[in-house]
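Here is how the chains run, residue by residue.
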Amino acid sequence: MHNSNTTPVPHPTQDPPLPLPLLLLLPNDSPSTFHTAQMSTLAYLRALHATIGHALDDIDRVDREQNLDFPAPDAPMIPNSEAEKLRNDPAVIKAADYIVSACGQLSNAVHDPFHTLMEALCACHLTASLQVLEAGHIAEILRDAGPDGLHIGEIARQVDRIRAGSNGSLSKPLDPSWLGQIMRLLATHEWTREIRPDVFVNNRLSSFIDSGLTLEQLRETPGNKYDTNAAIAMVPMSTSEPFRTMTSLSDFLLSPTCDTKWNTPFNYAFQTEDGMYAWFERPENAPRLKQIGRALTAADQAEGRGDVTSTTTFPWDSLPSDTLVVDVGGGIGALSVRLALAHSHLKFIV
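No experiment lies behind these values; they were computed from the predicted model shown.

Once that is clear, we can look at the overall build of the protein. Each helix and strand counted, the protein has 21 helices and five strands in total. Per-residue burial for the protein yields a buried fraction of 36% across its 350 residues. A separation of at least 24 residues holds for 60% of the contacts in the protein among residues at least 6 apart in sequence. In the structure as shown, the protein presents an accessible area of about 20100 Å², 58% of it carried by carbon and sulfur atoms.

We now examine the environment of L249. Residue placement: L249 occurs in helix α16 (residues 249–254). Judged by relative accessible area, L249 falls into the partly exposed class, the value being 33%. Each C-alpha atom of the pair L249 and T264 lies 8.7 Å from the other, and the pair is 15 residues apart in sequence.

A few words on the packing of helix α7 (residues 123–135) against helix α10 (residues 176–188). Interhelical geometry of α7 versus α10 gives an angle of 115° and a closest axis separation of 9 Å. As far as their axial angle goes, α10 and α7 are roughly perpendicular. For the crossing formed where α7 meets α10, the hand is left-handed. Contact residues: H125, L126, S129, L130, V132 and L133 in α7; L179, I182, M183, L185 and L186 in α10.

For T323, the position within the fold is in the loop between α20 (299–303) and β4 (324–326). What makes T323 partly exposed here is its relative accessible area of 22%. T323 sits 25 residues away from F348 along the chain, and the two C-alpha atoms are 8.3 Å apart. The contact partners of T323, leaving out residues within four places of it in the chain, are H345, L346 and K347. Looking at T323, its side chain comes within polar contact range of the main-chain oxygen of P320, at 2.6 Å.

In a structure, side chains of opposite charge can pair up when their charged atoms sit close to one another. A complete count under the given rule lists 19 salt bridges for this structure. In this structure, the salt-bridge partner of R184 is D198, at a minimum N-O distance of 2.6 Å. With R184 in helix α10 and D198 in the loop between β2 (193–196) and β3 (199–201), this residue pair connects regions lying 14 residues apart in the sequence. Look at D198 and you get partly exposed, because its relative accessible area is 27%. Among the salt bridges present, the one from E216 reaches R219, with a minimum N-O distance of 3.9 Å. Within this pair, E216 and its partner R219 are both found in helix α12 (residues 215–220), separated by three residues, close to a single helical turn. Here the residues in one salt-bridge network are E134, E140 and K225, joined through shared partners.

Now for the pairing of β2. Sheet topology places β2 next to β3; three bridges connect them, and they run antiparallel. Considered in β3, the bridge of R193 is made with V201. Adjacent in sequence and paired antiparallel, β2 and β3 are bridged by two residues, among which D198 carries a positive phi angle near 70°.

Taken together, the three strands give an open sheet; going across it, the order is β1-β3-β2, and neighbouring strands pair in antiparallel fashion. Of all strands in the sheet, those with a lone pairing partner are β1 (150–151) and β2, marking the two edges. Bridge analysis of β1 against β3 gives two bridges, and the strand direction is antiparallel. Following the sheet pairing, L150 is matched in β3 by F200. Across the face of the sheet, α10 comes into contact with β2 and β3 while running at roughly 50° to β3.

Further remarks concern the side chain of T245. Mapped onto the elements of the fold, T245 is located in helix α15 (residues 241–247). Residue T245 is classed as buried on the basis of its relative accessible area of 7%. Apart from the residues within four sequence positions on either side, T245 is in contact with P265, F266, A269 and F270.

By size, the foremost hydrophobic cluster in this structure holds 35 residues, and its most contacted members are I138, I155 and M183. Here the element with the most residues in this core is helix α9 (residues 152–164); it accounts for five residues. Apart from the residues lying within four places of it in its own chain, the contact partners of I138 are V132, L133, I155, V159, L179 and M183. Formed by nine residues, the second largest nonpolar core is a distinct cluster that contains I59, V92, A95 and I99.

A cluster of nonpolar side chains, namely F114, L117, M118 and L121, defines an oily patch on the protein surface of about 390 Å² accessible area. With respect to the helices and strands, the residue M118 is situated in helix α6 (residues 113–121).

Let us now look at the packing of aromatic side chains. Overall, the coordinates contain six aromatic pairs when judged by the stated rule. Consider the rings of F266 and F270, whose centres lie 5.0 Å apart with planes at 35°: the pair is tilted. Pair noted here: F266 and F270 are both in helix α17 (residues 265–270), with a separation of four residues, about one helical turn. Overall, F266 belongs to the buried group, its relative accessible area being 6%. Classification of F270 by relative accessible area gives buried; the value is 14%.

Analysis parameters
Residues numbered from 1 in each chain as written. Predicted model: local features only at pLDDT ≥ 70, side-chain atom pairs only at ≥ 80, totals over all residues. Heavy atoms only, no water. Helix = DSSP H or I, 4+ residues; strand = E, 2+ residues; numbered from the N terminus. Buried < 20%, exposed > 50% of the residue type's maximum accessible area, 1.4 Å probe, protein only. Contact = heavy atoms within 4.5 Å. Areas by Shrake-Rupley, 256 points an atom, 1.4 Å probe, with all protein chains shown as cover. Axes fitted to C-alpha atoms, helices over the stretch in contact; angles between N-to-C directions. Parallel < 35°, antiparallel > 145°, perpendicular 65-115°, else oblique. Left-handed = near helix turned anticlockwise from the far one by under 90°. Polar contact = N/O pair within 3.5 Å; in protein donor to acceptor, adjacent residues only side chain to side chain. Salt bridge = Lys/Arg side-chain N within 4 Å of Asp/Glu carboxyl O. Pairing = 2+ DSSP bridges. Core = buried A, V, L, I, M, F, W, Y, C linked by side-chain atoms within 4.5 Å. Patch = residues over 30% accessible without salt bridge, like charges linked within 9 Å, V, L, I, M, F, W, Y side chains within 5 Å. Phe/Tyr/Trp six-rings, centres within 6.5 Å; stacked < 30°, edge-to-face > 60°.

What follows is the structure, given as structure tokens:
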């Protein structure tokens, strides 16, 4: 990928010399306008390639300094392991972000537009499959099965056992053939592993939405899973009402009637004048409200990857006193609270 003997490797606190501008374009710019104006297409691709190489060298250097290896994608996540602590090293976070950004741009640049279009259009299938993975408690079922994995028929049986709950009632059993197609799509996108035909195990991604509860606990009180791992609640929060709302977006914007009373795509999709949070506060939506509440606290996990209050992340100390910082989409304001405590000269609105 990259010869460290001939090309200087940037220090973790320094930016790569050439490729970085490709990753930090101004909002009105685009990779195409940047590379056609300043370099050939091949030079642009090589710059992205170099960015990935520099970033991998940075990760390798940190690995060697700490005598650790990067977390394995095929193994279940161990949250407090030394490898996961390495993943949260600031230099590794920065390098990983460069790799993700450069790989995305490189893929879009070389991929056939038709296939790029189809991948975008078919992303809804992956979203729906993740919804089944979480709602069926399959990460917990696979964790209970261990490294030998579980056949799709037995996975379906375990899902039904949890669905039946303590009273044992079940309207219709889960069809293993349907579940098998879903699991195989998830494995294709590396959200689980198929180690033998129709036999699946957890990997790093699927184990991320494992609540840690036993199957018996899930059978008795499945809603408690969101109390142990708030990130899991992001799945139902993002795949239920928002998913349905997004499918109504084009109709809401492009085909409204002249006397429409709906103010947002959400109102249009659910034919209600209630705002989204008022909708969740209806008595019949109490379980969903709990999920939403837990999901909003999960943002701390993403924000906690690095110290967002640090002046090396952003020069907060350079802002004048009483500067108003607007936290757009700030949820319950967890990030703004952290920043306000660290930088009392600023004002915040969520």
